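Single-letter residue listing:
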Amino acid sequence: MRKPMMAGNWKMNKTWAESVVLAQQISNRSREYWDDQVDVVICPAMVNIKAVNSVFEFDKTPASVGAQNCHWEPKGAFTGEASIPMIREAGASWCIVGHSERREYFAETDETVNRKVAALLEGGVAPIVCVGESLAVREAGDYLEFVTSQVRADFAGIEDNQAKTCVVAYEPIWAIGTGRTALPEQAQEVCAAIRACLADRYGSEISDEMRVLYGGSMKPANVEGLMTQKDIDGGLVGGAALEAESFVELIAACI
Ligand code: PGA
């Protein structure tokens, strides 16, 4: 039985003060909605990781904090970047890697994603590895091959016992921030292919333990249909994670 996960990706939204308020609002609702049946992860902007983590620590909220990116080197002359020891000390126990926005706007490739996954595992921070096809790839019909080749490349050289701690998020680019969610069956088809690809590499015992999330316009109105799919273990949520009300509803739908 895989423990569901609901992860909020705040992207480049919320100032320090706004982040504290939203974290507090989510925290206030936690007792009413969930305890440890679901892994709740909030990924604020890098500069707000510490503040959000402090709110959760102070309130003993059953939620953890993640970063949206990292560099694979532990330190050095990489202006504008943050290392894994830095995000970890700030309070991040998770880190999103390979988000399609980073692949598109910041030249992230499967090779850099793979370096980050390896460095995160080495550094004791669990990766949430994002994969997903564009509309053009979907319409061309070879999306399963595209997504599974991303998974293979992103996990190259990652050992069995390390892979277990990773989460994969399937985020079709055509569904991100567009309001156009993948149908539950469409999401299930790709999430099942991702799990089969992981089973190929690591065996079914490990792939059955690994969580595969769906992301792309997930919201209270469509979460039930997605969560009832066999290979969907939770969500990576952008827009609907920016308000406590909708986000806690998504968490509740995991239980
Ligand atoms: P969205 O974003 O929920 O706003 O579509 C999801 C994501 O990009 O992680």
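Residues numbered from 1 in each chain as written. Predicted model: local features only at pLDDT ≥ 70, side-chain atom pairs only at ≥ 80, totals over all residues. Heavy atoms only, no water.

Draft legend 1. Structural detail: the pairing of strand β1 (residues 5–9). With respect to burial, β1 is a largely interior element, 5 of its 5 residues being buried. Side-chain alternation along β1 places Met5, Ala7 and Asn9 on one buried face and Met6 and Gly8 on a second face that is also buried. Alignment of β1 against strand β2 (residues 39–43), held across 5 bridges, turns out to be parallel. For Ala7, the partnering residue across the bridge sits in β2 and is Val41. In terms of handedness, the path from β1 via helix α1 (residues 16–33) over to β2 forms a crossover that is right-handed. (Buried < 20%, exposed > 50% of the residue type's maximum accessible area, 1.4 Å probe, protein only. Helix = DSSP H or I, 4+ residues; strand = E, 2+ residues; numbered from the N terminus. Pairing = 2+ DSSP bridges. Right-handed = clockwise from strand over helix to strand, strands pointing away.)

Draft legend 2. Quick look at the site of the ligand. As a structural note, the neighbourhood of the ligand is formed by 13 residues, with Lys11, His99, Glu171, Gly177 and Ser217 the closest of them. Looking at side-chain class alone, the shell around the ligand contains 4 nonpolar, 7 polar and 2 charged residues. (Near = heavy atom within 4 Å. Nonpolar A, V, L, I, M, F, W, Y, C, P; charged D, E, K, R; others polar.)

Draft legend 3. Region of the structure containing the pattern of salt bridges. The final tally for this structure, using the stated rule, is 14 salt bridges. With a closest N to O distance of 2.9 Å, Arg2 and Asp233 form a salt bridge. Taken as a pair, Arg2 in the segment before β1 and Asp233 in the loop between α11 (220–227) and β8 (234–237) lie far apart in primary sequence, 231 residues in all. When the shortest N-O distance is used, the salt bridge between Glu145 and Arg152 registers 3.4 Å. Look at the salt bridges and you will find they share partners, linking Arg2, Arg195, Lys230, Asp231 and Asp233 into a network. (Salt bridge = Lys/Arg side-chain N within 4 Å of Asp/Glu carboxyl O.)

Draft legend 4. Fine view of the pairing of strand β3 (residues 64–67). Examined bridge by bridge, β2 and β3 share 2 bridges and lie parallel to one another. When the bridges of β3 are listed, Val41 appears paired with Ser64. Read from β2 through helix α2 (residues 49–59) to β3, the crossover connection turns out right-handed. Pairing analysis gives 3 bridges linking β3 to strand β4 (residues 92–97), with the strands arranged parallel. Counterpart to Ala67 in the pairing with β4 is Cys95. Crossover connection from β3 via helix α3 (residues 84–90) to parallel β4: handedness right-handed.

Draft legend 5. Local environment of the nonpolar core. Within the largest apolar cluster, 71 residues are counted, with the highest numbers of intra-cluster contacts made by Met6, Ile87, Phe155, Ile194 and Tyr214. Ranked by the residues each element gives to this core, the list is headed by helix α9 (residues 184–202), at 7 residues. One finds Ala7, Val41, Ala126 and Leu213 within the second-largest nonpolar core, a separate group that totals 13 residues. (Core = buried A, V, L, I, M, F, W, Y, C linked by side-chain atoms within 4.5 Å.)

Draft legend 6. The arrangement of the environment of Lys60 in detail. Turning to its location among the elements, Lys60 is positioned in the loop between α2 and β3. Here Lys60 falls in the exposed class, since its relative accessible area comes to 68%. Along the sequence, Lys60 and Asn222 sit 162 residues apart, while their C-alpha atoms lie 30 Å from each other.

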